[in-house]
Structure formats: C-alpha cells, structure tokens
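Spelled out, the chains give:
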Amino acid sequence: MKRTVPLLATAAILALSLSACGSSGDTAGSSSSEQSDSALQKVKDAGVLTVGTEGTYRPFSFHEGSELTGYDVEVIKAVGEKMGVEVKFQETQWDAIFAGLDAGRFDVIANQVAITPEREEKYLFSKPYTVSEGVVVTKSDNTDITSFDSLKGKKTAQSLTSSFYEAAKAAGATIEPVEGWAQSVTLLKQGRVDATVNDKLTFLDAQKTNPDDSIKIAAESEDKSESAVTLRKGSEDLQEAIDGALDELRADGELASISEKYFGEDISK
C-alpha cells in the first residue's frame, strides 16, 4: 500500500533540527521523549486501546440493551486481546468520527471505514477485516438477469444518494427511487422492479436476520470494497501491531467465526 510523507512531517523535522541547534543539551532528552511517545508505546503504557465507533450502525457497532456489540466491536476486542490490552470505546457520530481521531480522542476508528485513495492521503489503515462487493439482487425465479450488463433496459430500485445508483444507471437500468434496502426489496417482491443493486453485506445481514428464499444474488461486481482499522499518520508501530493481531485472528479462524456469526459467511477476505 503506497503512502506519501505529508509536507507537515517535513516541517516538523526541520523544526526539531532548529530546536536541537539552539539547545544542544536537550538533544538526548528530546530523543528519549520521542521514543516514549510512540503510538504503540502509549497504548502499552496505558494498557488500553481507545476506539472510536458509532454504536448505532447495526450489525457492525450497535447496542443490545446496555451492551455495545457488533461485528466491528467484536473484531477490535479480539485485536486488543491479541495485543494484551483492554479495549475502550468512545461512541461518536459518523460526521465527527474523523475529527475525533485527528484530535486524539481515541487511538483508532473501528467502524467500517472503507479504504479510499483520498483517505489514504491523510490516514493509515490496518489490513482489511471486511471485504465486500456490489451485488444484483433479483427474485429467486428470475433467469433473465445474470450479470450487471443484463440490467440494461431493466428497472431497478435504488437510493439516489447511493453509489449503487450510479452502478445501476451505468449498466443501463431504469431507476425507481427508494429510501433504502427495505423499500427496494418490497418493490422487488411485488414485481414492480426487476432488481436492486446494493452492497453484499446488506443482503447477507438481511438474510441472517430474516431469511427470505424468495430473493437471491444474481450477480456480483468485480470491484471490491475493503474496510479496515483507521489510524493517524505517524502511528506505524501501532498499525503494525494491529496487523499482526489480525493475522493471528485470521490464522486461528477467529475472524472467520466472527464473520459467520453476523453474516453467515466469511466476509474478512
């Protein structure tokens, strides 16, 4: 994964150099301080990994009674256990979650943050723990739609603010606007649309919660979306420790087990 060093880092290095020139007696102390202030060392010293998450995003981060649970919550708790630290959560609305990370309110975000080039310019990401793709969902007896290309001339139910609206439109479908997944499925089962394009995780979650054999996945996109733990730049040592924990969870089958609990299949790879 390519990453670039921001200009601010260069400026910081220059500032440290000038400070060292002005007070040579402080050089050793500064070096020692920098080492002890590493992101991983702070977590180890505190014995706590503080995690930003929404707490209102089922099935990834939500409440069952007073307990915070969900796929992302269980994954990051398992990561903390592998690292030998306690995990504490700071529940934060999505609109403020990156600002909270920037301000140091928490060490990482675990909230289905998709890895994008724009985000990689500002943040570090762990190895992905969620992999998904877009899917075309039809009625189970539909034999006409077998790919995204076969949506041409068909009618699909889509939220106009979703990226899947663009995918359906690009495939040549006529769009019936809806508010979300539930309305899409209702129109599909009523025969008022031929299909809906959505995220595979949405389909799997719905089938896990309320199994429905009247609908099926008719096609999957080649493009995949990957979500990962998000960290501030400069936290490379903490990033490496989290990656190591995820590798262990993947190798011992625990990551797959958490996936299957919430989605009925392994969405971690």
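Remember, it's a predicted structure, so these values are computed and weren't measured experimentally.

## A closer look at the nonpolar core
Consideration 1: With 45 residues, the main nonpolar core has Tyr71, Leu238 and Ile242 as its most contacted residues.
Consideration 2: Those residues within four positions of leucine 238 in sequence are excluded, and the remaining contacts are Ala39, Leu40, Val43, Leu49, Met83, Asp107, Val108 and Leu231.
Consideration 3: By size, the runner-up hydrophobic cluster in this structure holds 14 residues, among which are Ile145, Phe148, Tyr165 and Ala218.

## As for the packing of helix α4 (residues 71-83) against helix α11 (residues 254-263)
Consideration 1: In the contact formed by α4 and α11, the axes pass within 10 Å of each other and the chain directions differ by 160°. As summarised for this structure, α4 and α11 are arranged roughly antiparallel, according to the angle between their axes. Two packed elements cross with a definite hand, and for α4 against α11 that hand is right-handed. Taking contact as the criterion, the partners of Tyr71, Glu74, Val75, Ala78 and Lys82 in α4 are, on α11, Glu254, Leu255, Ile258, Ser259, Lys261, Tyr262 and Phe263.

## Considering the side chain of threonine 69
Consideration 1: Of note, threonine 69 is situated in strand β3 (residues 67-69).
Consideration 2: At a separation of 3.1 Å, a polar atom in the side chain of threonine 69 contacts the side chain of tyrosine 262.

## Here we look at the environment of glutamate 74
Consideration 1: The topology assignment puts glutamate 74 in helix α4.
Consideration 2: Counting along the chain gives 184 residues from glutamate 74 to isoleucine 258, while the straight-line C-alpha distance between them is 7.2 Å.
Consideration 3: Here tyrosine 262 takes part through its side chain, which lies 2.7 Å from a polar atom of the side chain of glutamate 74.

## Focus on the pairing of strand β1 (residues 48-53)
Within a regular strand, side chains alternate between the sheet's two faces.
Consideration 1: In terms of burial, β1 is a largely internal element, six of the six residues being buried.
Consideration 2: Every second residue of β1 is oriented toward a common face, with Val48, Thr50 and Gly52 on one face and Leu49, Val51 and Thr53 on the other, all of them buried.
Consideration 3: Sheet topology note: the β1/strand β4 (residues 86-91) ladder contains six bridges and is parallel. Bridging from a neighbouring strand, valine 51 pairs with phenylalanine 89 of β4.

## Here's the deal with the packing of aromatic side chains
Consideration 1: Going through the model one piece at a time under the given rule, you end up with eight aromatic pairs.
Consideration 2: Taking 4.9 Å as the distance between ring centres and 45° as the angle between the ring planes, the aromatic pair formed by tyrosine 57 and phenylalanine 60 counts as tilted.
Consideration 3: Judged by its relative accessible area of 6%, phenylalanine 60 is buried.
Consideration 4: Through a chain of ring-to-ring contacts, three or more aromatic side chains come together here, namely Tyr57, Phe60, Tyr71, Tyr129, Tyr262 and Phe263.

Criteria and thresholds
- Residues numbered from 1 in each chain as written.
- Predicted model: local features only at pLDDT ≥ 70, side-chain atom pairs only at ≥ 80, totals over all residues.
- Heavy atoms only, no water.
- Core = buried A, V, L, I, M, F, W, Y, C linked by side-chain atoms within 4.5 Å.
- Buried < 20%, exposed > 50% of the residue type's maximum accessible area, 1.4 Å probe, protein only.
- Contact = heavy atoms within 4.5 Å.
- Axes fitted to C-alpha atoms, helices over the stretch in contact; angles between N-to-C directions.
- Helix = DSSP H or I, 4+ residues; strand = E, 2+ residues; numbered from the N terminus.
- Parallel < 35°, antiparallel > 145°, perpendicular 65-115°, else oblique.
- Left-handed = near helix turned anticlockwise from the far one by under 90°.
- Polar contact = N/O pair within 3.5 Å; in protein donor to acceptor, adjacent residues only side chain to side chain.
- Pairing = 2+ DSSP bridges.
- Phe/Tyr/Trp six-rings, centres within 6.5 Å; stacked < 30°, edge-to-face > 60°.

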